[in-house]
Structures are given as structure tokens and as C-alpha cells.
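Results of the structural survey
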Amino acid sequence: MNRCESRKRRRSFSPDRGSPEPGVLQPRKSNYQEWDVEDVCRFLRMKGLGKFEQLFRDEKLSGAALPFLTDLDLDQLGVSPLGDRLKLINCIDTLWQNPIDAKVFNDPIHGHIELHPLLVRIIDTPQFQRLRFIKQLGGVYFVYPGASHNRFEHSIGVAHLAGQLVKALCGRQPELRINHRDILCVQIAGLCHDLGHGPFSHLFDGKFIPLTRKDLKWKHEDASLTMFEHLITSNGLEATLLSYGLVLPEDLKFIKEQIRGPATRGDRVGVDPKGSEWPYKGRPREKGFLYEIVANKRSGIDVDKWDYFARDCHHLGIRNNFDFERFLKFARVCEVGKRKHICTRDKEVGDLYNMFHTRNTLHRRAYQHRVVNIIESMITEALVLADPHIEIVGKDKKKYTISKSIEDMEAYTKLTDNIFEQILYSSKPELWEARKILNNVLCRRLYKWIGQTQPAAEAMIEQEEFNELANQIAAVAPSTSLEVKLGPEDFIVNVVQMDYGMAEKDPINKVRFYCKNNPNRTIKIRKDQVSQLLPERFTEQLIQVYCKKSDDQSLQAARKQFVQWCINRDFTKPRDGDIVAPELTPLKPDWNNSDGDSDDSDPWDELQSQRQANSHRSLAKAFD
């Protein structure tokens, strides 16, 4: 980390971070791990817990032992009252929650962020620094010039928000027994959750890998786990983790489960294991709520979304309607059945719908923008062509192609957005075709937009049919003759799934709320209890069609074939259907405006137009 990004900040030991009480000596060393028994006793006395000094002296508890003290240990040492044990645990936890050698990052979204030195140690590794060179929004940067932010700053923001939420729960509900290990593990999971992203983020695992490794079901979360393991071992961080009080391998399992979920769960958000057996290994059922902070598999409400909503909206220039600060104020852990979940106040349900509406807005206006999608398709096409000809050196100097590099983290560490320039400026003749495509992207010679349509809710296209759509459009024969014959290779068809994160389900049905007069009892709030203006459906498909040819005759033929295909499949009329194929759209009656449709036209203008049309028809008959 360079000096512009961070600086050390000394802290005092008083609760309000002011000066220590007069007459009370501070510990002689700033690093609590170097304290001897007397330093620990001074700290207890300074915190108003002097009655436990003799106990710590008798047991010879130095600063190095403090991270390992648990509620059970204190009970066995003779600290019987639960309140006293909680006071001691919370007091000791302040040493690593607000460490003296924390570093401060000036972030444009969250302001000044303080990170624990263990997180800084992870940041200062080649595996994490790699995220500086992977765009957060992939091809969106080619459409929105402000979207130049990277996975690096997003990951730091998620680590910060994860710490904010878990510390808020810890301070609000001491009975949850959240300890420093829990806090550090949650923050590390937030920091490392995106380590596995490839070039141009979701383009890599969403488009490129499915085309080049068709036999492999692979997601960036899989690579995040493998990369995290590689980061720890290759940088020798096991001893560092232990020195800050983590327990291995238990805490490493906990961190990885937060990123990917338990080995027994499904891949979709909203899948909640119903079996009596607890699926996680890193933390017991009593602390199950900790798994809902970084990547919430139950409802989709998590700090990862909070950061990318705020950060992406900031860089895109789109308004963010969700206020995560309010959620932090009202977040509370409640028992729901036999499990504990993070809940919020009943009055916040509208804000949660705003959160998912913001997600939908970002997808519609930016992530699935029609120009973004075709640029990403062209970049993907170039990467697929270049794949066999690119060599990336991995472990033991073994060489991998782009698609095979995911098998070796040493090779994968070297794979970033820089692959675009590597292909673009290569002189290899076998990369000529890929080079041409990327140069066309830079010079804005893009494949041409043909149109967009939607299937009805009951006729959505299954994924197995996606690859056949270009063939179907090419095979269509419009009623009017075409001057050009187009083949399937001339069309690109993108099927975009728009939803609130849980397919056809309302994610708010997975959230539980509490009321002001009884914060320990949870309730479920139905959509009709919130507003009559909320969505009736929570999923839809958009079908975007492009043509690789750019001459006028080919584009005219492509548009007519597309309109005819929409008629054949009973899809919605393309917005410009009446313009590009006026002879075809009348063939489908329900595409034409009915008499009952509202119309803003002036009745007098309409009457005059009708009279003029009748006059033209009479004149034509006279000439006949």
C-alpha cells in the first residue's frame, strides 16, 4: 500500500479515545501482544476492572494470551457472574476491534475507513493487489466513462461494511457472544469474497468460461476460495492469523463458507436448508446469523450489495435510493424458529423494496445496457479466438491457456484486464482475428442493434434453447421477399434475465421484521401490506438481437426476420417494429392498438387526418 492510501493512527485506551484518567498509568507498550502481566493489570485498572487484577496475576495472563480468552475460560477461572464475564470480554475485544496500528483509507463512498492490521497484511499481497487491474463493471466502462472503478476498492468497502454491521450487532446485543474472532473472520470474508474474479469481472465466468470449458460448472466464487487458500499459503500468513487470535483450520472454514456457502447447499440465493442438520462447519447454529452479512444466501440483503449499489451508482451517475445506514441502525438478531437471523424494523420494509428496485435499475440501465452487452459479446469472441494462442506461466513453469489458467492460482494471479492490451498489441499472426475484433471495439465499429422483445411469463425461454435462437431467426421467411440471405452466424442473441435476485420470488418474503413494542418477536410482512404499487411479478426475460453485418440491405433483412420471428413466437412487438417492418406488424392483431387504448392525440386532428385519407382514396379511384 502506498502512503497516499493509508497512514498509521495512534489510539488512546480510554473508552472515549480521550486522555487516560489522571493518576492511572497506561501500559508501557503500544502493542498489547507485547504486554507482560503488569501491563495487562494496568489496562484492567484503566478500564475500571481493577477487581480482576489479582486473578490475572495469579494466572500469569500476559497480552499474548488475551486473544484466546473465551467466556468459558473466564468461567473456569472463577468469574461466575455472566455480566462480569461479558464486561471483560467486551473490554478485551476493544484491543483488536480498534487496534493502535490500524490503517486509514480515504474512500470516496464511505469516507475514512479504518482497517485492522491483519486485513492490511492480506491487502499487501500480489493476489489481492491483482484486483486493482480488474474493472468492477467489465464492459460497462466502454459506455459509461465514469465506471472506471475496480474490484480492489469494492472489496475494501465490503470489508468495511461487514465490520460495521457485525460490530453494530455486537454492541447492541452482547448476549450474542460475538467475539474478536467472529469480527475478524467476517471482515476477511468481505475483503476476499471477489478474489476469484477474472478479466472484466462477470464477463469471464458468465460468458467466456461457458464457451471454452463447456464441461465445467465454474463460478468466480469457486476461484475465490482457491485463491484465498493460495494467498494464505504462498505468503506464509498462517502464523500471522494465529498471532491475532484466529483458530486454524476452523476460522479458515468459516471464512470460506461465508464466501461460497456450505458444501451441501444449492447454488441459488433463497435456498435455505430445511434439514435439522446444521450445514456449516465454521460456526455453530447459534451464530448462524454471521453467514448473512457478506453473502446472504437467504434473502440477498448483504453488505456486498450495499457497497456495489453505492459505489456503482456514484461512478455511473445513477441515483441510489437505498440507505444502508438506516439498516445498520435498525439491524437486530432475532430467533426465527430454531435459527437466528438478522432482522430489521417493520417500518423499513419500503426501504428494502427500494434496495431491490435499485438493483433492477442498475441492471436495466447499465449492467444489461444493449451497447454494453454487445461490447462484452465482442470481447468474449476475441478472448475465445485468442485462448489457444495465449500462454500464462504457472506453478513449476507450466504453461496454461486463458481458460485453463483457473486450474493454477499462480497462473490465474497473472490474468487481469491487461489481457485486452496483450492481444491488441500482439504481433502474433494467429491473433490477427482477435486483434481485429478488439480494435473494432475501440473504434466503435460494433455489431448492429436489431431489436428487443419479451416472451410472456408462461412462455419464458429455457436455457437449453438459448443456443438455438440464432438458428431460429435465420430460418424465418418473412411474407415479404428479402434481398439478402442471412445465416445463424450473422446473428447474436442475448437472453437477459431481469429479477429481484431470486428468480420469480419476492425476496422480502424471506425477511423477518420486528416491531418497536416487542423487538424479540418477528413478523412477516406481505407485499399487499406495504403498497398497491409494488411489482406484481418479480422476473422477466429480455431478448436482445444483434447483426454482425453492417450494410443496409443485411440490416433491413435482419430486422424483418426478427419481427417475423417475434410474430411466430408470440413475443411482444419490438419498439420500432412499425417503422422497420410496417408491412409485417399488422399481421398480428394483438400488436395493433385497440379502440380502448388511451390516446393523447387531439380528436379534431384525428378527424382531419381521416378526412384527408378519405379524400386521397377518392382521388385514387377517380384516376382508376
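Preceding this paragraph is the structure being described.
We now turn to the structure provided with this report. Computed from a prediction, not measured in an experiment: that's the story for all the values here.

Details of the overall build of the protein
Looking only at helices and strands, the protein has 23 helices and 11 strands in total. Across the 624 residues that make up the protein, the buried fraction comes to 52%. Put simply, of all contacts in the protein between residues at least 6 apart along the chain, 71% involve residues at least 24 apart. Approximately 30,400 Å² of the protein is accessible, and the part contributed by carbon and sulfur atoms is 48%.

Some points on the sheet that holds strand β10 (residues 518-523)
With respect to topology, 4 strands assemble into an open sheet ordered β3-β4-β9-β10, the strand pairing being mixed. At either end of the open sheet lies a strand with only one pairing partner, and these are β3 (332-336) and β10. Averaged over all pairs of adjacent strands, the angle between strand axes in this sheet comes to 50 degrees, irrespective of strand direction.

Quick word on the packing of helix α8 (residues 180-192) against helix α12 (residues 250-260)
One can describe the packing of α8 onto α12 by two numbers: an axis separation of 9 Å at closest approach and a directional angle of 45 degrees. One element, α8, and the other, α12, form an angle in the oblique class. Crossing hand, α8 versus α12: right-handed. Taking contact as the criterion, the partners of Arg-181, Asp-182, Cys-185, Val-186, Ile-188, Ala-189 and Cys-192 in α8 are, on α12, Glu-250, Asp-251, Phe-254, Ile-255, Gln-258 and Ile-259. For the contact of α8 with α12, a count of residues per class yields 8 nonpolar, 1 polar and 4 charged.

A look at the packing of aromatic side chains
A complete count under the given rule lists 21 aromatic pairs for this structure. Taking 4.9 Å as the distance between ring centres and 80 degrees as the angle between the ring planes, the aromatic pair formed by Tyr-308 and Phe-309 counts as edge-to-face. Judged on exposure class, the residue Tyr-308 and its partner Phe-309 are both buried. Through a chain of ring-to-ring contacts, the aromatic side chains of Phe-204, Phe-208, Trp-218 and Tyr-412 assemble into a single cluster. Looking at Arg-130, its charged tip hangs above the ring of Tyr-412, at a distance of 4.5 Å from the centre. Over the ring of Tyr-141 we find Lys-135, and its NZ or CZ is 5.2 Å from the ring centre.

Some details on the environment of Arg-559
Here Arg-559 lies in helix α21 (residues 552-569). Residue Arg-559 is classed as partly exposed on the basis of its relative accessible area of 24%. Taking the C-alpha atoms as reference, Arg-559 lies 9.7 Å from Pro-574; in sequence the two are 15 residues apart. With residues near it in sequence (within four places) discarded, Arg-559 still touches Trp-449, Ile-450 and Val-580.

Here's the deal with the side chain of Gln-564
Checked against the element boundaries, Gln-564 lands in helix α21. With residues near it in sequence (within four places) discarded, Gln-564 still touches Val-476, Ala-477, Pro-478, Ser-479 and Leu-584.

The rules behind the values
Residue numbering note: each chain is counted from 1, following its sequence as written. Given that the model is predicted, a residue must reach a pLDDT of at least 70 before its local features are reported, and side-chain atom pairs must reach 80 or more before they are shown or counted; all residues, however, enter totals for whole chains, interfaces and linings. Only hydrogens and water are set aside when side-chain values are computed; all heavy atoms of the structure are taken into account. Each helix is a run of H or I in the DSSP string that is no shorter than four residues. Each strand is a run of E no shorter than two, and both are numbered from the N terminus. Buried residues are those whose accessible area, probed at 1.4 Å on protein chains only, stays under 20% of the maximum for their type, while exposed residues exceed 50% and partly exposed ones sit between those limits. By definition in these notes, contact holds between two residues if any of their heavy atoms fall within 4.5 Å. Note on areas: Shrake-Rupley, 1.4 Å probe, and residue coverage restricted to the protein chains presented here. Strand pairing is assigned whenever DSSP detects at least two bridges linking the two strands. Angles run from 0 to 180 degrees between N-to-C directions of axes, and those axes are lines fitted to C-alpha atoms, restricted for helices to the stretch in contact. In what follows, roughly perpendicular refers to angles from 65 to 115 degrees, roughly parallel to angles under 35, roughly antiparallel to angles over 145, and oblique to any angle outside these ranges. In a left-handed crossing the near helix is turned counterclockwise from the far helix by less than a right angle, and in a right-handed crossing that turn is clockwise. Gly counts as polar in this scheme, as do all residues outside two lists: the nonpolar Ala, Val, Leu, Ile, Met, Phe, Trp, Tyr, Cys and Pro, and the charged Asp, Glu, Lys and Arg. Stacked, tilted and edge-to-face pairs are distinguished by plane angle, under 30 degrees for stacked and over 60 for edge-to-face with tilted covering the rest, among Phe, Tyr and Trp rings (Trp via its six-membered ring) whose centres lie within 6.5 Å. We call a charge positioned over a ring when the NZ of a Lys or the CZ of an Arg lies within 6 Å of the ring centre and within 35 degrees of the ring normal.

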